[in-house]
Amino acid sequence: MQVPLEIQFHNMERSDALEAAARKHAEKLERFADDIVSCRVTIEAPHKSRRHGKVYQVTVDVRAPGGEIVASREPGLDPAHEDPYVALRDAFKAARRRLQDYVRVRRGKVKTREGPPHGRITSIHADRQHGHIVTPDGREIYFHRNSVVNADFDKLEPGMEVRFAEEEGDEGPQASSVHVVGKTGD
């Protein structure tokens, strides 16, 4: 870490053992991201006025280049957090998961699911048995009557949303397997 680990205690005395546990957890975070700028851990004891559910709240705030990860274990969520070491462990587990996700995104290793191309019908030419679809990025795609899978070509109207498979045709991009969104069999 570029900035030394900061550990704060609220509503409680500083504890060497709890601080050592926090340092150990923070060191493990550096295995997942070696460029962590800073880490601040806040351990808060329950307020003395609470009658039951005296659980500890632990917040882990990690700063890395281009982002911040904050993980917290709120009071009342888990009765096991009446033990500050359990609350500390769980907060660092959450921070580790978020840090791992953050690193994956930064490295571009997150898979994005792309569904089939989609768009809206812009024109129907029943006499010529074809129509056109416009995609969200503004491209116009030709489709033939025989490409319509789950609807009657004669009942299609401009504005209907469709999904389709795209291929290169003689005249440019064309759609095959055109599915009207929301129809049975979709």
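The preceding data block contains the structure.
What counts as what
Residues numbered from 1 in each chain as written. Predicted model: local features only at pLDDT ≥ 70, side-chain atom pairs only at ≥ 80, totals over all residues. Heavy atoms only, no water. Core = buried A, V, L, I, M, F, W, Y, C linked by side-chain atoms within 4.5 Å. Buried < 20%, exposed > 50% of the residue type's maximum accessible area, 1.4 Å probe, protein only. Helix = DSSP H or I, 4+ residues; strand = E, 2+ residues; numbered from the N terminus. Contact = heavy atoms within 4.5 Å. Salt bridge = Lys/Arg side-chain N within 4 Å of Asp/Glu carboxyl O.

## Considerations on the nonpolar core
Here comes step 1: One finds V41, I43, V58, V60, V62, L88 and L99 to be the most contacted residues of the largest nonpolar core, which totals 30 residues.
Here comes step 2: Contributions of two or more residues to this core are made by strand 1 (6-10), helix 1 (16-32), strand 2 (38-44), strand 3 (57-64), strand 4 (67-73) and helix 2 (84-107).
Here comes step 3: The greatest single-element share of this core, amounting to nine residues, is contributed by helix 2.
Here comes step 4: With residues near it in sequence (within four places) discarded, V62 still touches L29, I36, S38, C39, G67, E68, I69 and L99.
Here comes step 5: Membership of the second largest hydrophobic core comes to 12 residues, among which are F143, L156, V162 and F164.

## Observations concerning the pattern of salt bridges
Here comes step 1: In total, this model carries 11 salt bridges according to the counting rule given.
Here comes step 2: For R23, the salt bridge identified is with E19, shortest N-O distance 3.2 Å. In this pair, R23 and E19 are both assigned in helix 1, four residues apart and thus about one turn of the helix distant.
Here comes step 3: Residue R23 is classed as partly exposed on the basis of its relative accessible area of 35%.

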